[in-house]
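A look at the structure
For reference, the chains in residue letters:
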Amino acid sequence: MADGATHGRLIGRDAELSLLASAVSGTADGELRAVAVRGDPGMGKTRLLAELADLARARGFAVYHGQATEFERAVPFGIYVAAFEPQPGHPSRDEQGALTELLVDATGPSEARRAGLDRYRLFQRARRLIEDQGAAGPVAIVLDDLHWADQSSVELTEYLLRRPPRAPLLLATAYRAAQVPAGIARAVAQLGDATVHISLTPLSETDVAALLPEADRGRRRLLYRTTHGNPLYLQVLADASVATLTALAEAGDVAAGAPERALLDAVSTELTALTPDVRQVACAAAVAGEPISLNLVASITGLPEAAFDHAIDHLVGVGLVVEADAAFRFRHPLVRAAAYWMAGAAWRSRAHDRAADYLRSKGGPLQLLAHHTARSAQHGDVQAVRTLEAAAAAAVDAAPSTAARLLRTAIRLLPDDEDRAGWRVQLQWALGRALGVTGDLTASRQILQEVMRAPGPLRIAAVGFSSMIYRLLGDFDEAKALVTTELTRPYARDRSTSLTQVGLAAVELMGREPGKARVAAAVALRSLRDTDDEALESAARAIQALAGLRDGDVVASRSETDRAAWLADAMTDEALAPHLELIAPLAWVEMHLRRYDDASRHLRRGLDIASRAGRSHSVPYLLIVVSALNERQGRLIEAVTAAEEAREASRLIHSRETLAMSSILLLRPMFWRDGPRAALELAERISGTRPRSGWWSGLGQLDRALVYVEAGQPKRALATLAGEDPADELTRTYCLALQAMATAATAAGAESEAGSLAEHALSRAMTSGLPHQLGFAHRAQAKVLMLSGRSKEAVGHAEQAAAHFAAAGAPVEEGLARQLAAELYAAQGATAQVRTEIGRAKSLYVAAGAAWLSAALARDERRLAARAPRGQRQPANPVSALTTRERQIADLAVSGLTNQQIAERLHLSPKTVEAHLSRTFAKLGVQSRVTLTQRLTADARVRDD
C-alpha cells in the first residue's frame, strides 16, 4: 500500500495531517467539511485517507470507507456499496445496510426495485439516510480512487457536496491529479472555506532517508533518482537490485509516462514466485473483485476445498491479501492489477464466464452478473444479451451511464439474423433513451435516427423522446422541426398523430407568441374529438389554458383549466405518468388564477408519480412551479429550496434550459431574504445564461429588471427591458409597470412618460382582472405618483395595491405595498397610519421569512419615526438597543426557526447565531425563547398604542 510509513508513522506529511485534524475538528463541532486529496499515482492518497479515517474514529465518528477500482467501473454505485457494506458486529450495522440496500435495489431487477428510484429521488433518499445517521453523531464518508468510480457514484458525490446532508458530515475524496472528475472539482470549489484542498507532492531526499533508514546513502540516492520521491514506487522498488534501479533510472521508465508498467512488473515477481494453485487463486480473486468472495473465487478456480483454503491462507501469510473486519482484500490495488493482467486474456474471459454462471445459479446481484457477462460473452450469446438488457433496464433511471454501456455491449453481441431485427430496434431505442438521459445528445440523436427509420410504435416514441430532450436543452427550433416533419408523414391519422400535435403545441408554448400554441393545441383537440383519449386531451387543454392566459383570454383560460384539471384528476397514476408534462403548465395557470390548493395538489401528485415512474425529466419543470407557488404565497424558505432542488435535478439530466429557468426563480426570494447584494450578484451570473425559450427568456428579463428597480438601479432596469417586446398580455402588464417605476426614478422631467406607462399597465391589469396583476400595477402607479410629489393621490393606489396583493395571497408583495403606504402617510404626518402599515408589513415579512426586508423595515421605522412630531416619538427601551443583526435573528427565532435554520438563511455559522441570541437575552433580561417572544410582542403592542 502507498503508505510511505515506517513503524506506523507517516513520513513527510505533517502539514497534510494537520489539515486533516482541523477538518475532523470542524466536523465534530457540527459543521460540514470536505477534503479533496489530489496526487499522481503512488503519492500516498490511500494512506492519507486511512489516517483521516483513524482520526475520525478516534473522535467518535461513524466512518464509511470505500475505494473504487479500475475493473468494476460499470457497476453502479460500487464505491458507496463498498463503503456502506454492513460489518458484522458493527453498532450501526442496520444503518449501513439501509443505504447499501437502497443503492442495490435502485439498479436491481424490476420486481425488486423500490418505488421512486430515479436519480433525483434516489439521491434525496441517500441524503436523508446520511442525515439520519448524523443525528446520532458525526459521520465521515471517505471515498478513495474516485477517478475510477462509476459515473453514478461520481454524480451522487457531487450531489452530496452541492446539497450536503443537514448533519455533521466529513466527505473526503481522493483522485489522480490528471483525472479530476469535473463535477466534483466544481462542487468542492463552491464550498469555499469548508473544503480542505491537499495536493500531494513527492517526498524529499530527507524524507526518503527517514523512510528507509537501513539503506546506505548511495542506495537511497539511487532510489530517489529512480522514483523521484514517489512513496509507492519507493516501497515497491526498495528491494530491487542495483542493476534494476540503474536501468530504470537511466531509461526514465518510472518518471516518464508509464511508471505503473514497471511497478506491475515488480509486483508480478511476487506473484510468479507463488505455486501454480496459489497464483491461480490470486488471479481468480482479481477477477472476482473486492471484497473477495471466497465462494465466488472457489467457483472460478474449481480447486478442492483444502487446496483452496491453503492458497488463501498463503496469500494472507505473504501479505498479498489482507484480512480486515472478516473480509479479504488485496494489499493494494496495484497487486490486484498485477494479478489480473498476468492471468492472460483467454483465462480471464473464461474466469468471468464462470463467475457469471455462479452468480446466475445463486441469484446474485444483477449488476454484478452483468459486469462479468459483459467481460466474457461472445457474439451471438442470446442469454448474455438478455442479461445485459435486463440490467440496463433496471439501471436506466438511477444509473443511465451504466445502462448505456451495457446496452452497447448487448447490441454488439446480438446475432445479426433478420428474426431479431425488432429486438435490435428495441435495444437501440433503450440506448438512445439512456444516452439522452445522460446528456449525450449527439450520440442519442444518432441512435434514435435509426429507430425512427424503422416501422412500428417505437418510431413515434423516439420522436417524442427526442423532442423532449431538445426542449430540455433549449433547442426549440430542432424540436419543432422534428415534430413538424413527423406530421408530414403519409400515414393514417391516429393517436400517434395527436401525440405529435400535442408535442408541437408544447414546443410553441415556450415561444414568445402564445397564439401559435393555442392554434397547435386546438388542432390537437380536433384530432381527439372522436376518441376517448383523456390523457392527451388533458395535456392539450393544459397547454391551451396557459397559452390563453398568456394571450390575455382569462375567461377561456379558466374554462380550459377546469376541463384539464377534471380530466387529470379522473386519470389513474399509470395513465397520467406518460403525460406528466401537462402538470406544470396546469399548475402554473392555477397559481395565476389563485387556485393555490389545486396547484399544490397537482404538483404533489406529479412529483410522486415522477418518482415512482422514473420520469426524472419531468421533475425540474414540476419543481420550478413548486418554487414559484411558494414564492407567491410567501414561503420563501420553501421557494428557495424548491428552486435549488430544481437546479440539482436539472444538472442530473444535463438540462441547461431548466437550469436557467430555476436560477431565475431564485432572484426575488433571494432579494427579499438576503438583500440586494446577493440578488444583484445572482442577476449578473445568470444574465449570460438566459433560457432559450422566448417566454422564459422574457420572464428572466422581467425578474432581473425588478431586482434592479428595487435595488435603486433604474437605468439598468430600463436597459434590461429595452429589447423586450412581449407578445403575451400577462408579461406585458408587468413589463409596463416596471418601465414606469424605472422611468420615474431615472431623472426629473420623466413624470409624464412614467405616468403614461403606469396608466397603460393599470388599464391592462383591470382588463384581465387578475388580483396579482392589479396589485403590481397599482403599486407602480403609487410609486410614480410619489416620485412626482403627489403623495395624497399615491397613497390610495398603495392601499389598493395592498388589498389586491392580499386577495392574490401574495403576502410579501402586500408587505411591500403597505411599506410604501407607510412612507406616503409619513409624508402627510399621519403617524397612526404609519404605525399601522408598518406593523402589518412587519408581520407579513416575518411570517414569510423575508429577513432582509424585515431589517430594512426596521431602519425605515426609525427614519419615519424621526419625521413624526417630537411628542409622538416612542421612548427608548431595551428592544431599541438591539443591533440590526440582533433584532433580525431575534425575529427569526420568534418565528420558530432553529439556530441551524437561522444560520442557513443568513449565511452564518450556528455559533454566531447562538452568540447573537445570548447578547439579545442579556440586553432584554430574558432567559428563553418563550420570554423573548413575550417581550417582543409586548414591545409591538406599546408601539401600536
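Above this note sits the structure.
Below: a short report on this structure. Just so we're clear, the structure is a prediction, and the values are computed from it rather than from any experiment.

Each value, and the rule that gives it
Residues numbered from 1 in each chain as written. Predicted model: local features only at pLDDT ≥ 70, side-chain atom pairs only at ≥ 80, totals over all residues. Heavy atoms only, no water. Helix = DSSP H or I, 4+ residues; strand = E, 2+ residues; numbered from the N terminus. Contact = heavy atoms within 4.5 Å. Axes fitted to C-alpha atoms, helices over the stretch in contact; angles between N-to-C directions. Parallel < 35°, antiparallel > 145°, perpendicular 65-115°, else oblique. Left-handed = near helix turned anticlockwise from the far one by under 90°. Pairing = 2+ DSSP bridges. Phe/Tyr/Trp six-rings, centres within 6.5 Å; stacked < 30°, edge-to-face > 60°. Lys NZ or Arg CZ within 6 Å of the ring centre and 35° of its normal.

With that out of the way, let us pick up the side chain of Thr 195. Checked against the element boundaries, Thr 195 lands in strand β7 (residues 195-199). If near-sequence neighbours (up to four positions away) are discounted, Thr 195 is found in contact with Ala 34 and Val 188.

Turning our attention to the packing of helix α19 (residues 382-395) against helix α20 (residues 400-413). Relative to each other, α19 and α20 sit at 160 degrees, their axes nearing to 8 Å. Between α19 and α20, the angle is such that the two are roughly antiparallel. Handedness of the α19/α20 crossing: left-handed. Here α19 contributes Ala 384, Val 385, Leu 388, Ala 391, Ala 392 and Ala 395 to the contact with α20, which in turn contributes Pro 400, Ala 403, Leu 406, Leu 407, Thr 409, Ala 410 and Leu 413.

Let's shift gears to the sheet that holds strand β3 (residues 33-39). Strand order in the open sheet formed by five strands is β4-β5-β6-β3-β7, with parallel pairing between adjacent strands. Of all strands in the sheet, those bounded by a partner on one side alone are β4 (62-67) and β7. Neighbour-to-neighbour, the strand axes of the sheet open up by a mean angle of 10 degrees, direction not taken into account. The pairing of β3 with strand β6 (residues 169-176) spans seven bridges and is parallel. The residue bridging Val 35 from the neighbouring strand is Ala 172, located in β6. Relative to β7, helix α1 (residues 14-28) is tilted by about 165 degrees, and along the sheet it contacts β3, β5 (139-144), β6 and β7.

Attention now goes to the packing of aromatic side chains. Ring pairs (aromatic) are described by centroid distance and by the angle formed between their planes. This structure, assessed with the given rule, holds 12 aromatic pairs. Taking the centre distance of 5.2 Å and the plane angle of 90 degrees together, the rings of Tyr 340 and Trp 341 count as edge-to-face. On the numbers, 5.2 Å between centres and 80 degrees between planes, the contact of Tyr 734 with Phe 776 is edge-to-face. In this pair, Tyr 734 is assigned in helix α39 (residues 729-746) and Phe 776 in helix α41 (residues 771-787), connecting sequence segments 42 residues apart. In this structure an aromatic cluster arises from ring pairing among Phe 71, Tyr 340 and Trp 341. In this structure, Arg 354 is placed above the aromatic ring of Trp 347, and the distance from its NZ or CZ to the ring centre is 5.9 Å.

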